[in-house]
Amino acid sequence: MPVKRNKSIRNFIKILFILYLGVLLLILVFKFPTRIAMDTIQQWFQGEKIRHGQIQWIPFKTITFYAGQVHALNDWFFKNLCCNIVIFIPYGFLLPLCLKQDGKKFLTTFVSGILLILGIEFLQFLFGIGLCDIDDFILNTISILIGYGCYKLLRNIKTRISIKDTV
């Protein structure tokens, strides 16, 4: 029975991960709940030329600017910084739970996460639906590492509890 239960849990986590990816794309690529992406798509169908976004290549430029603008926890600048850190934590936490190979979980999570972030930043640039920013890449990558760290922490706690149960 425990094997069947573990498989059910793993399937639930996989479904949760797929739902998370869908929400992530809705927010970051389609800019839900705003109309930015829809307006861009509508303009494209009307024959207007797509305005490509900008690229900000200077590391920590946006982060330091936003940090200097924060005066309260409800400032847009603070929310933007926090969201860029928080939004990929589930990726770093859930993906390793979906994977079977123990030895390659970190590498798979890290590399696929970086490719996902780069893909999202590229789409934002290509369709002009956001700023393609190296600082977003940095904060999102830190977010994946935080998520993976949470995964490892919980896995170590589970292992220690399992060891105590057998003693």
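The structure presented is a predicted model; accordingly, all values stated were derived computationally and were not measured.

J.: Help me understand the packing of helix H3 (residues 61-69) against helix H4 (residues 76-86) in this model?
T.: The relative placement of two packed helices comes down to the angle between their axes together with the axis-to-axis distance. Their axes nearest at 8 Å, the elements H3 and H4 cross at an angle of 135°. One way to sum up the angle between H3 and H4 is to call them oblique. Relative to H4, H3 is oriented so that their crossing is left-handed. Residues Ile63, Phe65, Tyr66, Ala67 and Gln69 of H3 form the contact with H4, whose participating residues are Trp76, Phe77, Asn80 and Leu81.

J.: Got a minute to help me understand the nonpolar core in this structure?
T.: General note: in soluble globular proteins, nonpolar side chains tend to be found buried as a group. By size, the foremost hydrophobic cluster in this structure holds 17 residues, and its most contacted members are Phe17, Tyr20, Leu24, Leu28, Phe88, Tyr91 and Ile120. Of all the elements in the fold, those that place two or more residues in this core are helix H1 (2-28), helix H5 (89-98) and helix H6 (105-127). Counting residues per element, this core draws most heavily on H1, which supplies five residues.

So, how was this worked out
Residues numbered from 1 in each chain as written. Predicted model: local features only at pLDDT ≥ 70, side-chain atom pairs only at ≥ 80, totals over all residues. Heavy atoms only, no water. Axes fitted to C-alpha atoms, helices over the stretch in contact; angles between N-to-C directions. Helix = DSSP H or I, 4+ residues; strand = E, 2+ residues; numbered from the N terminus. Parallel < 35°, antiparallel > 145°, perpendicular 65-115°, else oblique. Left-handed = near helix turned anticlockwise from the far one by under 90°. Contact = heavy atoms within 4.5 Å. Core = buried A, V, L, I, M, F, W, Y, C linked by side-chain atoms within 4.5 Å. Buried < 20%, exposed > 50% of the residue type's maximum accessible area, 1.4 Å probe, protein only.

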